[in-house]
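# Residue-level structural notes
These are the residues of each chain, in order.
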Number of protein chains: 4
Amino acid sequence: MQLGLVGLGKMGFNMRERLREGEHEVIGYDPRPEVTDVPDLEGLAAALTAPRVVWVMVPSGEVTNTTIVGLSKVLGTGDLVIDGGNSRYSEDSPHAALLAEKGIGFIDAGVSGGIWGLTEGYGLMVGGSDDDVAKVMPIFDTLRPPGPREDGFVHAGPVGAGHFAKMVHNGVEYAMMTAYGEGYELLAAEDLIKSPQAVYQAWSNGTVVRSWLQQLLAKALKEDPQLAEIKGYTEDSGEGRWTVEEAIRLRVPVPGIAASLFARFLSRQEDSPTMKAVAALRNQFGGHAVQRISESG
Amino acid sequence: MQLGLVGLGKMGFNMRERLREGEHEVIGYDPRPEVTDVPDLEGLAAALTAPRVVWVMVPSGEVTNTTIVGLSKVLGTGDLVIDGGNSRYSEDSPHAALLAEKGIGFIDAGVSGGIWGLTEGYGLMVGGSDDDVAKVMPIFDTLRPPGPREDGFVHAGPVGAGHFAKMVHNGVEYAMMTAYGEGYELLAAEDLIKSPQAVYQAWSNGTVVRSWLQQLLAKALKEDPQLAEIKGYTEDSGEGRWTVEEAIRLRVPVPGIAASLFARFLSRQEDSPTMKAVAALRNQFGGHAVQRISESG
Amino acid sequence: MQLGLVGLGKMGFNMRERLREGEHEVIGYDPRPEVTDVPDLEGLAAALTAPRVVWVMVPSGEVTNTTIVGLSKVLGTGDLVIDGGNSRYSEDSPHAALLAEKGIGFIDAGVSGGIWGLTEGYGLMVGGSDDDVAKVMPIFDTLRPPGPREDGFVHAGPVGAGHFAKMVHNGVEYAMMTAYGEGYELLAAEDLIKSPQAVYQAWSNGTVVRSWLQQLLAKALKEDPQLAEIKGYTEDSGEGRWTVEEAIRLRVPVPGIAASLFARFLSRQEDSPTMKAVAALRNQFGGHAVQRISESG
Amino acid sequence: MQLGLVGLGKMGFNMRERLREGEHEVIGYDPRPEVTDVPDLEGLAAALTAPRVVWVMVPSGEVTNTTIVGLSKVLGTGDLVIDGGNSRYSEDSPHAALLAEKGIGFIDAGVSGGIWGLTEGYGLMVGGSDDDVAKVMPIFDTLRPPGPREDGFVHAGPVGAGHFAKMVHNGVEYAMMTAYGEGYELLAAEDLIKSPQAVYQAWSNGTVVRSWLQQLLAKALKEDPQLAEIKGYTEDSGEGRWTVEEAIRLRVPVPGIAASLFARFLSRQEDSPTMKAVAALRNQFGGHAVQRISESG
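From a predicted model like this one, the values you see are computed outputs, not experimental measurements. (Residues numbered from 1 in each chain as written. Chains lettered and ligands numbered in written order. Predicted model: local features only at pLDDT ≥ 70, side-chain atom pairs only at ≥ 80, totals over all residues. Heavy atoms only, no water.)

Further remarks concern the sheet that holds strand E3 (residues 53-56) of chain C. Residue and element names in this part refer to chain C. The strand order across the open sheet built from 7 strands is E2-E1-E3-E4-E5-E6-E7, with neighbouring strands paired in mixed fashion. Across the chains shown, the open sheet's two edge strands, defined by having one partner strand only, are strand E2 (25-29) and strand E7 (153-157). Within this sheet the neighbouring strands show an average axis-to-axis angle of 25 degrees, counted without direction. Sheet analysis places strand E1 (residues 2-6) next to E3, joined by 3 bridges and oriented parallel. From the neighbouring strand, leucine 5 faces E3, where its bridge partner is tryptophan 55. Here helix H6 (residues 130-143) sits on the sheet and contacts E1, E3, strand E4 (80-83), strand E5 (105-112), strand E6 (123-127) and E7; the angle it forms with E5, its principal contact strand, is near 30 degrees. (Pairing = 2+ DSSP bridges. Helix = DSSP H or I, 4+ residues; strand = E, 2+ residues; numbered from the N terminus. Axes fitted to C-alpha atoms, helices over the stretch in contact; angles between N-to-C directions. Contact = heavy atoms within 4.5 Å.)

Take a look at the structure:
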């Protein structure tokens with residue numbers, strides 16, 4: 001089928017590729033002239049045959065918001081917008097309402113898979129009405145991995161459900177990565193273990209902890225067995241923070257996910273103010289020596 | 001090759017099956033007459049041709065210890081004992097030393113895979129000398145899953161390394177299970193999500209969080225979508241506790257694994273003494289109402 | 001000085017008492033006729049001499065909001081409103097802006113001390129302009145405990161700073177209560193310890209952990225040595241949740257406070273969905289028995 | 001009364017001072033000639049009148065063990081040894097048994113108070129028989145702070161109970177310090193707050209979180225308002241580790257104390273291997289840039 005695609009960055013570019021290989025007609029728009037198929041959103045609307053379907057794949061927050069406002073001006077009744085970016089699920093309802101004023105439908109689609117999606121397919125979690133989802137199903141079927149549809153695609157619920165499911169996916173991802181990280185650190189700390197890499201490799205078949213992330217860590221350790229070239233500094237893109245915030249709203253205890261989020265915050269601090277206070281306290285009551293900046297500088 | 005196998009419980013029984021299908025000659029001993037091949041350890045030793053290899057697959061702790069002491073009395077120079085149970089790695093050196101006095105070799109083998117190992121193969125992590133491990137390799141190759149040896153088997157280091165790697169495996173397993181559990185609870189708490197089961201199912205292909213455990217949870221949720229029939233009460237078999245204890249010894253921070261362990265402890269309490277104290281404190285300073293046992297009983 | 005006081009509940013009633021003992025003229029308003037001094041907010045405004053000062057001590061959220069909107073209609077230029085309730089700090093700026101349109105000043109005041117404040121004085125953390133704070137200082141000086149002003153009162157910064165400081169106070173309070181709760185549970189679990197109460201009592205002098213909360217727990221344990229009459233069920237009033245949310249906004253790792261918050265959530269669950277999922281997983285891969293509801297019911 | 005005191009370090013030296021001020025006759029032994037009163041343990045035994053009482057105040061572990069073995073050789077029936085150091089409680093029973101062979105009694109005494117004990121008195125938690133504790137009560141009464149005995153002293157139970165109670169005290173201390181540290185970090189991160197020091201100072205009276213540690217942190221922040229001169233690097237002396245280990249043995253969930261312990265481990269790492277693994281994983285699946293050592297060096 002025909003699809004407009006706004007945003008041809010790392011993710012969008014690959015998705016256009018995969019969709020074209022799947023015999024879809026994709027007209028892409030991106031502000032960068034070297035990748036775009038049309039000059040602007042008006043051009044995109046003009047190039048598509050109504051009822052139009054436009055997939056938005058741009059950074060969450062302000063850029064997504066501006067794009068959807070822009071599309072609300074160039075699209076019309078019967079058209080459909082899909083937000084495939086990492087928007088917070090609570091932004092979906094306002095976007096859907098804005099578009100509904102013009103008779104435009106809305107679907108939120110959480111997309112997992114990163115740079116591997118081009119060849120392996122993307123895991124998809126979508127929210128919206130049954131009718132809207134049905135319209136886009138040929139696109140979803142090409143983007144998702146081959147195999148049974150329900151193994152790589154879910155219509156999770158009404159508008160917002162797709163991004164909520166994707167947010168939880170990322171929260172779980174945070175905690176799994178911490179789990180494997182702690183396992184690696186334990187193996188690396190124990191002299192008996194010849195090669196943490198070999199242990200991680202051997203978890204690939206038959207074990208309870210085998211997974212795609214486990215294999216990726218085995219691969220990363222093969223390339224750099226002591227991770228000597230990699231700093232622990234770790235960004236977070238939002239979903240982990242949102243997961244803990246939503247957990248608080250829903251009164252769901254998430255010690256594992258929260259510990260993973262806090263570990264990321266900590267990884268970006270040069271020194272921990274909390275631990276400076278603890279060191280100061282020990283010094284006050286116990287006369288314990290503290291490491292002073294001036295001594296070590 | 002020929003193998004003696006002590007312990008024909010849930011694990012040992014299946015392993016004998018898999019090994020016999022792999023054309024090995026397995027002579028099993030178990031105190032239960034209906035499953036055993038020989039009447040006792042003496043009978044086992046007599047039935048095996050020297051140099052004998054005996055795999056011990058009995059509960060860790062006292063039973064494993066008694067079995068190894070028993071084997072030290074009926075085996076002799078050049079024989080080899082493999083402890084395939086969930087022993088704490090620190091018990092391996094004493095066991096190896098005890099057997100070495102009689103010229104008997106020792107290998108510790110961590111075995112993962114549970115009830116699925118019979119058909120899919122077992123993940124194996126072993127510790128011992130190169131020579132001893134080489135002697136048993138035909139057995140390991142039959143027990144492990146098909147495919148490249150390094151994907152389902154690791155000679156992790158000297159005696160103790162196998163059980164240490166298996167212990168870490170189980171610590172990681174604890175944290176992964178908590179991660180998936182938290183994800184399930186979040187999905188179940190949010191009204192937008194029609195079916196947490198469908199979301200978990202859809203994570204099977206293309207997503208970052210796909211894994212064997214993820215698929216098992218999707219399966220469990222298919223059988224009982226709200227886990228209505230299952231209590232949160234969760235035992236721990238030792239490895240999680242040992243992992244945190246070893247982390248403390250090695251000064252490795254393991255917030256994810258520790259949170260998982262504590263969640264299990266908590267799941268077995270009728271009421272939390274910690275939270276009783278917190279409730280009592282709130283009542284003391286704030287006049288906050290507490291729920292009294294006598295009112296609710 | 002003269003003060004209007006809106007809200008004569010548990011906190012407001014006691015504050016009126018303490019202020020009157022301090023020779024201030026307090027005119028209180030409350031919807032309950034049996035405690036109010038005036039019939040409504042108009043009556044309150046009429047009874048006060050301009051420039052009027054009105055202290056709001058009502059539940060945070062909707063009630064505080066309605067009250068401040070109401071006061072913006074009956075007060076005028078040069079008057080001053082103090083929000084002494086447990087409002088989220090982010091609500092202070094909108095309230096200040098609303099009142100500023102009418103020339104009315106605003107101070108946010110975090111008040112600690114609970115039911116003990118009447119006799120011991122209240123710990124006060126306030127936000128606002130220097131001029132506004134100076135106007136109310138006689139009231140603050142009567143409400144706060146005797147002794148040096150800086151030991152029981154802080155002008156923490158501009159509007160919002162008072163409630164922010166109070167929110168952090170409550171986050172720290174959560175974590176301290178958990179600390180004492182864990183200590184109690186450990187003492188109660190160890191047979192060597194004759195009386196956890198006696199140990200908590202003995203921490204009152206000379207130890208590093210002595211505090212007001214420690215003494216309250218010793219008192220609570222004296223009344224009910226095994227807390228047999230108290231359930232662990234624990235509400236949270238908002239500040240703990242907000243503290244973790246603000247920590248996420250500020251990228252501050254708060255594992256201690258978050259653990260305390262999650263423990264409260266958990267204390268209100270009949271069974272943990274997370275642990276039901278973990279139990280289901282163990283059953284799936286290990287054939288571990290689960291406790292089924294139907295068996296135990 | 002008369003007391004032998006082995007170990008005249010930071011703690012022992014001050015205790016000798018406080019006891020002598022309390023009119024006790026203290027004969028101290030220390031390997032350092034400049035502080036000792038007698039040349040060796042034999043000299044100490046000879047200088048004391050039977051039945052002798054000897055207080056051991058030396059580093060826990062090997063030194064304490066050697067000292068107690070040494071005392072078992074120079075003391076005799078009816079004498080009494082008190083271990084006032086930070087020994088692990090599980091070492092007390094073996095020490096008591098060793099001494100009992102010679103008819104020598106044993107008391108374990110947990111001592112809190114640090115450098116402040118000299119002037120304010122020491123918080124004491126002791127374990128032993130009623131008879132033995134009664135013999136030493138005049139010493140305990142001088143060492144403990146003035147006021148009711150039960151507020152600064154507890155006979156917590158049989159041998160081991162004193163050190164167990166002290167260990168829990170230190171575990172609680174860890175979690176309280178983390179609580180105050182997190183509160184400080186939050187206040188310091190929020191621009192609205194003019195001075196975290198002033199807020200901590202203002203918590204001294206009337207608030208729920210007031211405590212000795214709170215006042216010490218206010219003091220430390222007065223000396224160095226941004227803790228600019230202090231590194232977060234924090235040692236742990238053993239009790240925190242033991243508390244978590246005992247919690248695991250007793251199946252007591254201690255998320256607050258464990259988080260505090262792990263924060264200390266982390267504070268001593270240059271980079272976190274766990275977070276290196278997490279960063280490596282993000283790079284693998286998402287093409288997320290990692291900070292490479294070689295780039296930043």
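Next comes the rest of the account.
Attention shifts here to the relation of the copies chain A and chain C. Of the transformation superimposing chain A on chain C, the axial component is 0.0 Å and the angular component is 180 degrees, with the fit at an RMSD of 0.0 Å. Here the two chains are linked by the operation of a two-fold rotation axis. For chain A, the residue whose C-alpha comes nearest the rotation axis is glutamate 245 of chain A, separated from it by 3.1 Å. In this assembly, 100% of the residues forming the interface of chain A have copies in chain C that are likewise at the interface, indicating an isologous arrangement. (Least-squares fit on C-alpha atoms with pLDDT ≥ 70 in both.)

The next subject is the pattern of salt bridges. By the definition in use, this model includes 60 salt bridges over all chains. Among the ionic pairs, glutamate 246 of chain A bridges to arginine 88 of chain A, the shortest N-O distance being 2.8 Å. You can see glutamate 246 of chain A sitting in helix H10 (residues 239-250) and its partner arginine 88 of chain A sitting in the loop between strand E4 (80-83) and helix H4 (92-100), a full 158 residues away along the chain. The burial state of glutamate 246 of chain A is the same as that of arginine 88 of chain A; both residues are buried. Of the charged contacts in the structure, one is a salt bridge between glutamate 245 of chain D and arginine 88 of chain D, with a shortest N-O distance of 2.7 Å. A residue pair is termed long-range when its members are at least 10 positions apart, and glutamate 245 of chain D in helix H10 (residues 239-250) and arginine 88 of chain D in the loop between strand E4 (80-83) and helix H4 (92-100) qualify at 157 residues. (Salt bridge = Lys/Arg side-chain N within 4 Å of Asp/Glu carboxyl O. Buried < 20%, exposed > 50% of the residue type's maximum accessible area, 1.4 Å probe, protein only.)

Let us now look at the nonpolar core. Formed by 224 residues in total, the largest nonpolar core has its most connected members in Tyr200 of chain A, Tyr200 of chain B, Tyr200 of chain C together with Tyr200 of chain D. Those residues in contact with tyrosine 200 of chain D, other than ones at most four positions away along the chain, are Val172 of chain C together with Ala179, Tyr180, Gly183, Tyr184, Leu187, Gln214, Leu217, Ala218 and Leu221 of chain D. (Core = buried A, V, L, I, M, F, W, Y, C linked by side-chain atoms within 4.5 Å.)

Moving on, we come to the interface of chain A and chain C. Each partner contributes residues to the interface: chain A has 20 residues there, and chain C has 20 residues. Both sides of the chain A and chain C interface together cover about 1700 Å² of buried area, and 75% of this is carbon and sulfur. Among the residues chain A hides against chain C, the three largest losses belong to Ile248, Arg251 and Phe262 of chain A. Together they make up 39% of the total. In this assembly, chain A and chain C are joined by 0 salt bridges. Seen at the junction of chain A and chain C, the total is 0 residue pairs in polar contact (both at pLDDT 80 or more). Looking at the side of chain A that touches chain C, the elements with two or more residues in it are H10, helix H11 (255-267) and helix H12 (273-286) of chain A. Examining the composition of the side of chain A that touches chain C, we find that 6 residues originate from one element, H11 of chain A, more than from any other. Counted by class, the side of chain A that touches chain C contains 14 nonpolar, 2 polar and 4 charged residues. (Buried area = accessible area lost by both parts, 1.4 Å probe. Polar contact = N/O pair within 3.5 Å; in protein donor to acceptor, adjacent residues only side chain to side chain. Nonpolar A, V, L, I, M, F, W, Y, C, P; charged D, E, K, R; others polar.)

On to the pairing of strand E1 (residues 2-6) of chain B, then. Residue and element names in this part refer to chain B. Buried residues dominate E1, accounting for 5 of its 5 residues. Residues of E1 alternate between two faces, with Gln2, Gly4 and Val6 on one and Leu3 and Leu5 on the opposite face, all of them buried. Bridge count between E1 and strand E2 (residues 25-29): 5 bridges; the pairing is parallel. Following the sheet pairing, glycine 4 is matched in E2 by isoleucine 27. Crossover E1 to E2 through helix H1 (residues 10-21) is right-handed. (Right-handed = clockwise from strand over helix to strand, strands pointing away.)

This part takes up the side chain of serine 260 of chain C. Residues and elements named next belong to chain C. Along the chain, the position of serine 260 falls in helix H11 (residues 255-267). Serine 260 gets classed as buried once you look at its relative accessible area, which sits at 2%. Within the local environment of serine 260, its side chain forms a polar contact with the backbone oxygen of tyrosine 174, the two atoms lying 3.4 Å apart. In this structure the side chain of serine 260 is engaged in a polar contact, spanning 2.9 Å, whose partner is the backbone oxygen of glycine 256. Non-local contacts of serine 260, meaning those with residues more than four positions away in its chain, are made with Tyr174, Ala175 and Thr178.

Taken together, the contact between chain B and chain A spans 70 residues of the former and 69 residues of the latter. Regarding the contact of chain B and chain A, the summed buried area is about 5800 Å², with carbon and sulfur atoms giving 69% of it. A per-residue breakdown of the area chain B buries against chain A is headed by Leu186, Leu192 and Val208 of chain B, which together make up 13% of the total. Scanning the region where chain B abuts chain A turns up 4 salt bridges. Two residues, arginine 210 of chain B and glutamate 120 of chain A, come together in a salt bridge whose shortest N-O distance is 2.9 Å. There are 26 residue pairs in polar contact (both at pLDDT 80 or more) connecting chain B and chain A.

Before going further, it helps to examine the packing of aromatic side chains. Residues and elements named next belong to chain A. Taken as a whole and judged by the stated rule, the model has 28 aromatic pairs over all chains. Note on tyrosine 89 and phenylalanine 164: the rings are 5.1 Å apart at their centroids and 85 degrees apart in plane angle, and the pair reads as edge-to-face. Here tyrosine 89 is found in the loop between E4 and H4, whereas its partner phenylalanine 164 is found in helix H7 (residues 161-189), with 75 residues between them in sequence. Here the two residues tyrosine 89 and phenylalanine 164 agree in accessibility, since each one is buried. (Phe/Tyr/Trp six-rings, centres within 6.5 Å; stacked < 30°, edge-to-face > 60°.)

Here we come to the sheet that holds strand E5 (residues 105-112) of chain D. Residues and elements named next belong to chain D. One open sheet accounts for 7 strands, arranged E2-E1-E3-E4-E5-E6-E7; its pairing is mixed. In this open sheet, the two strands that pair with only one neighbour each are strand E2 (25-29) and strand E7 (153-157). Recorded for the sheet is a direction-independent mean angle of 25 degrees between the axes of neighbouring strands. Contacting E4 and E5, H4 crosses the sheet at an angle of about 145 degrees to E5.

We now examine H11 of chain C. Residue and element names in this part refer to chain C. With 13 residues, H11 extends 18 Å from end C-alpha to end C-alpha; this agrees with the ideal 18 Å at 1.5 Å per step. Burial of H11 is extensive: 11 of the 13 residues sit out of reach of the surface. Taken together, the buried positions of H11 are occupied by Gly256, Ile257, Ala258, Ala259, Ser260, Leu261, Phe262, Ala263, Arg264, Phe265 and Ser267. (Expected span 1.5 Å × (residues − 1).)

Attention now goes to the relation of the copies chain B and chain A. Between the two copies of this chain, the relationship is a rotation about some axis together with a displacement along it. Superposing chain B onto chain A requires a rotation of 180 degrees together with a translation of 0.0 Å along the rotation axis, leaving an RMSD of 0.1 Å. Both copies contact each other with a shared surface, as 99% of the interface residues of chain B are interface residues in chain A too.

Turning our eyes to something else, we now look at the pairing of strand E4 (residues 80-83) of chain B. All names here are of chain B. Every second residue of E4 is oriented toward a common face, with Leu80 and Ile82 on one face and Val81 and Asp83 on the other, all of them buried. The sheet contact formed by strand E3 (residues 53-56) and E4 spans 4 bridges and is parallel. Paired with valine 56 across the two strands is aspartate 83, which belongs to E4. Note on the crossover from E3 through helix H3 (residues 62-74) to E4: the handedness is right-handed. This β-α-β element, E4 to helix H4 (residues 92-100) to strand E5 (residues 105-112), shows right-handed connectivity.

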